[in-house]
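Remarks on the overall topology
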Amino acid sequence: MRSWWAIRRLPNVALFHFEDLKRDMPGQMRRLAAFLEIPVDEARWETIVEHCSFEWMKRNADKAAPLGGTFWDGGGGSFIHKGTNGRWRDVLSPAEVAEYEERARKELGAACARWLAKGGAPD
């Protein structure tokens, strides 16, 4: 992450955060299309957004997972799992979370650690 953060302002780099995609997938998709200079076909936009949704990908897991999910036990449905963020909270203790957060700040700096934790526009 440190290397990507260091070059985040280069004109050919764009950082996207899963939390931002969860909050506003259509907006993030438009941001990506603009970055890649791909025109958005408004007539197909709703279908495009639907096909990028977790629900569509879960229903069509063998189409959405890399190589049809052949590398995962249970196929594509194992790859397209829950579509949630923060499941680590149920695994790590509060002390472990605090240790990670402190290490992230030390290793990456406050701005990068904050972005990793919450998303938003990278500073």
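Note: the structure precedes this text.
Attention in this report is confined to the structure presented alongside it. (Residues numbered from 1 in each chain as written. Predicted model: local features only at pLDDT ≥ 70, side-chain atom pairs only at ≥ 80, totals over all residues. Heavy atoms only, no water.)

Structural notes on the pattern of salt bridges
Condition: Take a side-chain nitrogen of Lys or Arg and a carboxyl oxygen of Asp or Glu: if they are within 4 Å of each other, that pair is a salt bridge. Only DSSP runs of H or I covering at least 4 residues are called helices, and only runs of E covering at least 2 are called strands; the numbering of each starts at the N terminus. Exposed residues in this analysis have more than 50% of their type's maximum accessible area, buried residues have under 20%, and partly exposed residues fall in between, with area computed by a 1.4 Å probe over protein chains only.
Under the counting rule described, the total for this entry stands at 7 salt bridges. Close ionic contact of Glu50 with Arg59 constitutes a salt bridge, the shortest N to O distance being 3.8 Å. Close ionic contact of Arg105 with Glu102 constitutes a salt bridge, the shortest N to O distance being 3.0 Å. Of the two residues, Arg105 and Glu102 both sit in helix α8 (residues 94-108), 3 residues apart, roughly one turn of that helix. Glu102 gets classed as partly exposed once you look at its relative accessible area, which sits at 34%. Through salt bridges with shared partners, a single ionic network connects Arg2, Arg103 and Glu107.

Some details on the side chain of Gln28
Our working definition: Here, two residues are considered to be in contact whenever any of their heavy atoms come within 4.5 Å of each other.
Counting through the fold element by element, Gln28 comes out in helix α3 (residues 25-35). Aside from chain neighbours lying at most four places away, what touches Gln28 is Phe16, Asp20 and Leu21.

Examining helix α9 (residues 110-118)
Quick reminder of the rule: Here, the arc refers to the directions that run from the helix axis to the C-beta atoms.
Those residues of α9 not exposed but buried are Cys112, Ala113 and Trp115. Looking down the long axis of α9, one finds its buried residues gathered within 160 degrees of arc, a one-sided arrangement. Turned more than 90 degrees away from the buried face of α9, the exposed residues are Ala117 and Lys118. The inward-facing, buried residues of α9 contact α1 (2-6), α2 (18-23) and α8. Note on α9: the residue one or two positions beyond its end, Gly119, has a positive phi of about 80 degrees.

Focus on the packing of aromatic side chains
The relative placement of two aromatic rings is captured by the distance of their centres and the angle of their planes. Quick reminder of the rule: To pair, rings of Phe, Tyr and Trp, with the six-membered ring standing in for Trp, must have centres within 6.5 Å; the planes then decide the type, stacked if under 30 degrees apart, edge-to-face if over 60, and tilted in the middle. Criterion for a charge above a ring: Lys NZ or Arg CZ within 6 Å of the ring centre, and within 35 degrees of the ring normal.
Tallied over the full model, the rule gives 1 aromatic pair. Taking 5.9 Å as the distance between ring centres and 40 degrees as the angle between the ring planes, the aromatic pair formed by Trp5 and Trp115 counts as tilted. With Trp5 in helix α1 and Trp115 in helix α9, this residue pair connects regions lying 110 residues apart in the sequence. In this structure, Trp5 and Trp115 share a single accessibility class: buried. The residue whose ring lies beneath Arg30 is Trp45, and the NZ or CZ to ring-centre distance is 4.2 Å. Here the basic side chain of Arg31 rests over the ring of Phe16, its NZ or CZ set 4.0 Å away from the ring centre.

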